[in-house]
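Working through the structure, step by step
So the chains spell out like this:
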Amino acid sequence: MSEENKTEYTNSSQTKSLLDDMDTSNKNLQHIGVELLTVHTEGTVHAKRMSGTFRTIKWLVAAMWLSLFIGPYLRWDDRQAILFDLANRQFHFFGITVLPQDIWILAMILLFFALLLAATTAIAGRLWCGYACFHTVWVDVFTWIEEKIEGLPNKRVKLDQAPLSISKLQKKIPKWILWGIIGFMTGFSFVAYFDPVFGLWERLFTLDWTVTETTIILGLAAATFFFAGFMREQVCIGFCPYARIQGAMIDTETVVPTYDIDRGEPRGRMKRPKPGEEAPELGDCIDCNLCVAVCPTGVDIRKGQQFGCITCGLCIDACDSVMEKIKKPKGLIRYASLAEFAGKAFVPFYKRPRVLVYTSIMTFAAAAMIWGLATMSPIDVKVLHERAPLFVQMSDRTIQNKYYVKVVDKSNEPIAAKITVTGPDSLIYIVDKVIHVAPGNVGTATLLVKIPKKDLTSSNTPIQIKVQDLNNPNIKETYDSMFIGPKMR
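Residues numbered from 1 in each chain as written. Predicted model: local features only at pLDDT ≥ 70, side-chain atom pairs only at ≥ 80, totals over all residues. Heavy atoms only, no water.

As recorded in an unreviewed UniProt entry, the protein chain goes by the name Cytochrome c oxidase accessory protein CcoG, listed as coming from Hydrogenovibrio crunogenus.

What follows is the structure, given as structure tokens:
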């Protein structure tokens, strides 16, 4: 086996002795094509990259996050399709505009995804960490770039340990530049969801960014560069709050990557017995350490469930590839629950109480969100009654109330709001104007309502204030209010 193909997973003083041992053992495994790898012991984890089912899933999910880089450039009706316009208090998502009056819909969206995180954790552990966490995705991209520039894990370990030199900088600097570009685009794309992207680019070249924009973009760029490039697995193990609380969300029914110890032990490297010797009885694990080599956090899954496991399934891909080569059944490492290994019957997730609670709340949040979006009116009408005085008795023996009608245009077109009032037959109303409102803005008109005192049978008389868009009569809203008069004796 050539030196280049020995992709070890190590960063310790034991490297030489372990490699010597690997050379000896590999001679006995060349006929089945299985590599033996050493184990990471300290320093940055340089995980081996290999193809497989779960690696493919990781990249497909990662594409969701990577697509956010192009999100600000999508257009809709001559404006940015996705824009959180905090200055004007408008949230645009393609054809939907959410204003502060409908902020509860955003709250339902957040509630749904928060419970989705809890439900997936109860079902299959840290799926978010292993597949969808933006830190995991960025680390994957950064290490992919690192491998293309610096080589396989063993070469990267040697480069890290080598003293500073021109040849070392020739590899490190291009990598850091690419990391920096990705970090900058991460910060820039984030701000572009709150500030129109083309204006942001234009002001970049004229050095006209605000202090807030500059601080956020450069701060996120530096954080991405440092945490995804250097801290890596330490973020998952030492800093992530979700890693600290996820233990309370799982139980013995939770399906996580698990090593089948009954099938795998006693583990041992495959050796051809000498003439006259009986071959030792070994389990299916050949102790190749490939499952450790591919783990992005350096976990040995054969030692049981550990805090650092992010449930990414890459160890399953690695083990299955070895089992296929040595003609053994796949699944020595697989997604399974502790209850399964204890011989208990599998309990479907829809029969587990905590999952049912999570999904019930998720269903409520999803239903509320869909109902809110489906019934969202293009306009919002609020009517404020004059408080001092509540009513005025006029010289013609009518009682007058004064109102302020506020109309919010939640559509993408300007409206011309006409106000009408219905109530008792003798009701008279006077409105000072048709309210012209630009998209996302608020228009106000003063409304006077009069009712003859003799026609009032109660101190509170229901009236309906109707608002209709003259440009589009199908857009209308009715506000139920009260006409206040003197107390009846």
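Let's talk about the packing of helix H7 (residues 166-192) against helix H9 (residues 211-231)
Running from N to C, H7 and H9 point in directions that differ by 135°, and their axes come no closer than 7 Å. Compared by their axis directions, H7 and H9 come out oblique. Note that H7 runs across H9; the crossing there is right-handed. Across the interface between the two elements, Trp176, Trp179, Gly180, Gly183, Phe184, Thr186, Gly187, Phe188, Phe190 and Val191 of H7 pack against Glu213, Ile216, Ile217, Leu220, Ala221, Thr224, Phe225, Gly229 and Phe230 of H9. Among the residues forming the contact of H7 with H9, the class breakdown is twelve nonpolar, six polar and one charged. (Axes fitted to C-alpha atoms, helices over the stretch in contact; angles between N-to-C directions. Helix = DSSP H or I, 4+ residues; strand = E, 2+ residues; numbered from the N terminus. Parallel < 35°, antiparallel > 145°, perpendicular 65-115°, else oblique. Left-handed = near helix turned anticlockwise from the far one by under 90°. Contact = heavy atoms within 4.5 Å. Nonpolar A, V, L, I, M, F, W, Y, C, P; charged D, E, K, R; others polar.)

A short note on the packing of helix H5 (residues 134-150) against helix H6 (residues 153-161)
Taken N-terminus to C-terminus, the directions of H5 and H6 make an angle of 80°; their axes are 9 Å apart at the nearest point. One element, H5, and the other, H6, form an angle in the roughly perpendicular class. For the pair formed by H5 and H6, the contact residues are Glu146, Glu147 and Glu150 on the first element and Pro153, Lys155, Arg156 and Leu159 on the second. Its residues assigned to classes, the contact of H5 with H6 comprises two nonpolar, no polar and five charged.

Considerations on the pattern of salt bridges
The tally for this structure, following the rule as stated, stands at 24 salt bridges. Notably, a salt bridge pairs Lys175 with Glu146, separated by 3.0 Å at the nearest N-O pair. Of this pair, Lys175 sits in helix H7 while Glu146 is found in helix H5, placing the two residues 29 residues apart along the sequence. Assessed through its relative accessible area of 2%, Glu146 is described here as buried. Residues participating in the shared-partner salt-bridge network are Glu146, Glu147, Glu150, Arg156, Asp160, Lys172, Lys175 and Arg232. (Salt bridge = Lys/Arg side-chain N within 4 Å of Asp/Glu carboxyl O. Buried < 20%, exposed > 50% of the residue type's maximum accessible area, 1.4 Å probe, protein only.)

What about the sheet that holds strand S15 (residues 460-469)?
Ordered in space as S13-S11-S15-S16, the four strands form an open sheet in which the pairing is antiparallel. A single partner strand is all that each edge strand has here, and the edge strands are strand S13 (435-437) and strand S16 (476-484). The average undirected angle you get between the axes of adjacent strands in this sheet is 30°. Here strand S11 (residues 415-422) pairs with S13 via three bridges, running antiparallel. Each residue of the ladder has a partner; that of Ala417, found in S13, is Ile435. (Pairing = 2+ DSSP bridges.)

Details of the state of the cysteines
Under the counting rule described, the total for this entry stands at zero disulfides. For Cys236, which is in no disulfide, the shortest distance to another cysteine sulfur is to Cys133 and amounts to 6.4 Å. Between Cys240, a free cysteine, and Cys129, which holds the nearest cysteine sulfur, the sulfur-to-sulfur gap is 5.1 Å. (Disulfide = S-S within 2.5 Å.)

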